[in-house]
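Here are the chains, one letter per residue:
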Amino acid sequence: MSAAPPALPVFVPGDYKTDLKPVWCPGCGDFGVLTALYRAMAELQLTPELTAVVSGIGCSSRLPGYVETYGFNTVHGRALPLATGVAVSRPDVKVIAVGGDGDGLAIGGNHFMHSARRNLDVTYILMDNEIYGLTKGQVAPTTPTGDKTKTTHYGNPEPAVDPCELAISFGATWVGRAFSGDLKGTVELIVKALRHRGFAFLNVMSPCVTWRGDDQFKSLKAKARPLPAGHDVTSRFEAFKFTRETDVLSTGVLYDVKSPSLNDRLDTIKVTARAGAPLVTVPEIVKTFLPSF
Amino acid sequence: MSRRDLTIAMVGAGGDGIVTMGDILSQAGARNGLNVIKTEAYGPQIRGGESSCVVRLSPSAIYEQGDAVDVLVVFSWADFGRFKGEVQPAPNAVVLFDEADPVARTREDLGIGADGHWLAVPFSKLAGDAGAKGSKNVVGLGVLTALFGLAEETIRRAVVKRFGRKKAAVGELALKAYEAGLVHGGTLPPMPERGLTFTPGPAKLLMSGNEASALGALHAGCRFFAGYPITPSTEILQFAEEWLPKMGGSVVQTEDELAAIGAVVGASFAGVKSMTATSGPGLSLMTEMLGLASMAEVPCVVVDVQRGGPSTGLPTKSEQSDLWQAVFAGHGDAPRVVIAASDVEDCFHTTVEAFNIAEEFQVPVIVLTDQSIGQRRETLDPTRLVHDVVDRAVPTAEELVEYKRYRDTPDGYSPMSVPGLKGGIYQTNGLEHDEFGRPASMAHVHETMNAKRYRKLKPIRDRYQRARRYGPAKADLGIVCWGSSKGAVKEAVLMAEERGEKVAAFIPQMIFPFPVKAFEEFRASVRQLLVIEISYAAQFYKYLRTFTTLPDNTIIFKRSGGKNLTISEVDDQIRRFFASGSQQKGAA
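Note that this is a predicted model, so its numbers are computed, not measured.

A. Structural view of the side chain of Gln509 of chain B. When you line up the elements, Gln509 of chain B lands in the loop between strand S18 (503-508) and strand S19 (510-512). Discounting chain neighbours no more than four positions away, the residues touching Gln509 of chain B are Val338, Ile339, Ala340, Asp346, Thr350, Arg466, Ala467 and Arg468 of chain B.

What follows is the structure, given as structure tokens:
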């Protein structure tokens, strides 16, 4: 007698929502990212207990508290190191790292470089508002030159970085750009990023109404437009053409190539190291310290 | 009377094969069941440069590198000069040096008395004549074998194994050099009374403290290791990288120490036992994450192989000056556990213990070792490498009903869920949080949760009052030290006992929480205390005063690192104490 197959759980976006109320200001772009994330997770039917959301510090880094998966809001700049530990030690867990531009590009910049280079099995969503929001309005690595902030009273003297340009340079195998005001587009890009094997970097322009005013939202909305059809996602050169834009904000998949992920490579090492032998035990290792002659 | 031990030092330039010579001597000793301690020292050069190696062999137990060496082999006096104060021959030592050395030294320069031997040996010439020009070291082994009755056949096999592993012909040439040394040694004045008398026993393991630390981690079930190379801890990372994949585990050499411990905390959050290893400057970078691990109550183990500091300090030399950093460094009130290893075998046990405590109580645990035990090789009895392993408890079905990750329990530790456990989903953070893990910055929550986190230290203190105590139950002098100072102190205590002096020693393995009760019992059992440590600032002495009281007449012996604590330094302190008549003055 064959039993009926157990019904597969069907997750709807609301299933990924916790009871915790976001601390974000009304109108914050991060709400759009969070909603898009719920929808993307539902679209992929991610198993909540086999998903981990890890962040550093900042407004956007509060996000793990709002997602009904295993979550860890860690310390400033260290989302990716923590995510590294989860992703490498538990390849069965889907790891999503989230954070802001200060967290990921200033204090955590070194980790960004190396996580991308390793092709870490992590989807990294950076919510870029071009400002330090949680500490109330200081200049960030993505703040445009000349902008006045709490720490650039006379205008920002420094040039900004383009996070997507960095990600491609560092070796990320999937790089996309979204605008949180475009919910549908953001959902689509998060889905694609989550489907990618290896390091997927999604920069979401996520306006800060509190410290950068309505202008930022309006300007982004006016500038956002999809990448041209036929954009060659496998070409770094083509992808770079859509970085450091000023008058437009090209959204979509800038870069997407296949390459073994860190876990793929570590799996290969495990196979090579064992060379068909069973797992080594500690007593066997101890024996190698006995003089044998 | 036969000798209790024999300490041989070798000094030369890079390329003289000093380390290989020491390796063969110590492997042969281990093969024959002798107790061996081998230390190496180098100049700062990446390749080449001066190197020295000291091997102490004994049929009975030894706990420390011998002080003044019995035998000194010098291939180059110029290089010997660079180890001033580090390699010291005894006044009655046998000194063998290359007769072709352009630099001349006299026995007076080295303080070799009439009962010593000053012997020029044609090491280079003999090696050249044997057709193995670079084999001065093997010639040296032959001379030493002949002079001191070392195990000729065992050394011969060790030489073949070492040199013949790639090309049999190279092994044969090395054997010729060995035979040449044996023959030449036969022409020198025989000194059998200086050799070791022993019956070969079962072979022993020959292992470094760093290897033992790594092995302890694997034994404890560590399956994820992240690290960043830093002298003198790097061998732990290398060992993990070699063996973990064969055990199904993974290693990541991260971009810095911040990432190393970050990945460790991440992997542990994910349910996998994890560790990193570093030295003082790296521990400084790891400090922020110790706070997070403490706050989020994530188990993690950090081995700190101390070196001379501050800053870059003395990367290749030992010191006990990370004590305060290990116990106190960090922002906020962040409970952690600090354990200290005192020898190579202890590196194994303390690391397993660190995992046991970390996993059960969900705290960061720091294991303090240092360069002197981390990088020295020591013989171990293979049957001693056993230690019970504690695994992390999985929340019960009952605990998963309205699961509270940070349930405020009587012992302070709460059931920890891991990814994959369906009813155990939680979100945690470095923010102060309530029992569910939700951010909460109210004063009363902070007070409650601080109390919960600190409460964990009590069962740890109660269950792990680990300290060693040597000497008689009642003593005139009670030495207190920690970590690698144990070896020299233990030997000095044994020497005092032979003289009929009552000296005891107290050496805590558990540094924080400090085993106050055990210490106070010790304090009450001795007339006067002597605190010994390798820290200019007397960190341990001041640390003791933080958690207990010390009598005003407590003697302090402390100095900077760079040179390991010697038996004679401790012995001097003991002799001085008894010579001063202090023991007559009554209880402190």
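B. Broad picture of the layout of surface pockets. All names here are of chain A. Put simply, the second largest pocket is a space of about 580 Å³. Taken together, 24 residues form the lining of the second largest pocket, with Glu130, Thr142, Pro144, Lys223 and Glu245 sitting closest to its centre. Secondary structure elements with two or more residues in the lining of the second largest pocket: strand S6 (200-205) and helix H7 (213-223). It is H7 that provides the largest number of residues to the lining of the second largest pocket, a total of 5 residues.

C. Highlighting the packing of aromatic side chains. Applying the stated criterion across every chain, the model contains 31 aromatic pairs over all chains. Each ring, one from Phe72 of chain A and one from Phe269 of chain B, has its centre 4.9 Å from the other, and the planes form 45°; the classification is tilted. Here the residue Phe72 of chain A occupies a position in strand S2 (residues 70-73), and Phe269 of chain B occupies one in helix H10 (residues 257-269), the pair thus bridging two chains. Of the two residues examined, Phe72 of chain A and Phe269 of chain B, each falls in the buried class. With a centroid separation of 6.1 Å and an interplanar angle of 20°, the aromatic rings of Phe289 of chain A and Phe239 of chain B are classed as stacked. You can see Phe289 of chain A sitting in the segment after helix H10 (282-287) and its partner Phe239 of chain B sitting in helix H9 (residues 234-243), one on each of two chains. Each of the two residues, Phe289 of chain A as well as Phe239 of chain B, counts as buried.

D. Highlighting unusual backbone geometry. Cis rather than trans, the peptide bond between Thr231 of chain B and Pro232 of chain B has omega equal to 5°. Checked against the element boundaries, Pro232 of chain B lands in the loop between strand S8 (224-227) and H9. The step from Gly309 of chain B to Pro310 of chain B runs through a cis peptide bond, and the omega angle for that step is 5°. Within the secondary structure, Pro310 of chain B is located in the loop between strand S11 (300-306) and helix H12 (323-328). Of note, the phi angle at Ala275 of chain A is positive, near 50°, even though the residue is not glycine. For Ala275 of chain A, the position within the fold is in the loop between helix H9 (262-274) and H10. Even without being a glycine, Gln362 of chain B presents a positive backbone phi close to 55°. On the secondary structure map, Gln362 of chain B appears in the loop between helix H13 (344-361) and strand S13 (364-370).

E. Representation of the pattern of salt bridges. Residues and elements named next belong to chain B. Evaluated as defined, the whole model comprises 47 salt bridges over all chains. Note that Asp476 is salt-bridged to Arg527, the shortest N-O span being 3.1 Å. Of this pair, Asp476 sits in strand S17 (residues 475-480) while Arg527 is found in strand S20 (residues 526-533), placing the two residues 51 residues apart along the sequence. Among the residues examined, Arg527 registers a relative accessible area of 34% and is labelled partly exposed. Here the residues in one salt-bridge network are Asp23, Lys38, Glu40 and Arg162, joined through shared partners.

F. Just the packing of helix H5 (residues 136-148) of chain B against helix H7 (residues 168-187) of chain B, in detail. All names here are of chain B. Put simply, H5 and H7 touch, their axes get as near as 7 Å, and they point 40° apart. Looking at the two axes, H5 sits oblique to H7. The chirality of how H5 crosses H7 is right-handed. Residue-level inspection shows Val138, Val139, Leu141, Gly142, Val143, Thr145, Ala146 and Leu147 of H5 in contact with H7, the latter providing Ala174, Ala177, Tyr178, Gly181, Leu182, His184, Gly185 and Gly186. Residue composition of the contact of H5 with H7, by class: 10 nonpolar, 6 polar and no charged.

G. Up close: the pairing of strand S4 (residues 69-74) of chain B. Residue and element names in this part refer to chain B. Along S4, 6 of the 6 residues are buried, which leaves the element largely enclosed by surrounding structure. Note that strand S1 (residues 6-13) and S4 share 4 bridges and pair parallel. Bridge pairing links Val11 to Val74 in S4. Examined bridge by bridge, S4 and strand S5 (residues 89-98) share 5 bridges and lie parallel to one another. What sits directly across from Val71, in S5, is Val94.

H. Quick peek at helix H4 (residues 109-118) of chain A. All names here are of chain A. The element H4 is extensively covered by neighbouring structure, given that 7 of its 10 residues are classed as buried. What H4 keeps buried is the set Gly109, His111, Phe112, His114, Ser115, Ala116 and Arg118. Directly beyond the C-terminal end of H4, a positive phi value near 55° is found at Asn119.

I. The interface of chain B and chain A, seen in detail. With 64 residues of chain B at the interface, the matching set in chain A holds 48 residues. Our enumeration of links across chain B and chain A arrives at 2 salt bridges. Notably, a salt bridge pairs Glu255 of chain B with Arg118 of chain A, separated by 2.7 Å at the nearest N-O pair. Summed over the shared surface of chain B and chain A, the number is 25 residue pairs in polar contact (both at pLDDT 80 or more). It is H10 of chain B that contributes the most residues to the side of chain B that touches chain A, 8 residues altogether. The class makeup of the residues in the side of chain B that touches chain A is 36 nonpolar, 17 polar and 11 charged. With 3 bridges connecting them, S2 of chain A and strand S15 (residues 427-429) of chain B associate as parallel partners.

Here is what the cut-offs are and how they apply
- Residues numbered from 1 in each chain as written.
- Chains lettered and ligands numbered in written order.
- Predicted model: local features only at pLDDT ≥ 70, side-chain atom pairs only at ≥ 80, totals over all residues.
- Heavy atoms only, no water.
- Helix = DSSP H or I, 4+ residues; strand = E, 2+ residues; numbered from the N terminus.
- Contact = heavy atoms within 4.5 Å.
- 1 Å grid on protein atoms, 1.4 Å probe; cavity = no way out; pocket = protein on both sides within 12 Å on 5 of 7 lines; lining within 4 Å.
- Points joined across faces, edges and corners; volume = space filled by probe spheres on them.
- Phe/Tyr/Trp six-rings, centres within 6.5 Å; stacked < 30°, edge-to-face > 60°.
- Buried < 20%, exposed > 50% of the residue type's maximum accessible area, 1.4 Å probe, protein only.
- Salt bridge = Lys/Arg side-chain N within 4 Å of Asp/Glu carboxyl O.
- Axes fitted to C-alpha atoms, helices over the stretch in contact; angles between N-to-C directions.
- Parallel < 35°, antiparallel > 145°, perpendicular 65-115°, else oblique.
- Left-handed = near helix turned anticlockwise from the far one by under 90°.
- Nonpolar A, V, L, I, M, F, W, Y, C, P; charged D, E, K, R; others polar.
- Pairing = 2+ DSSP bridges.
- Polar contact = N/O pair within 3.5 Å; in protein donor to acceptor, adjacent residues only side chain to side chain.

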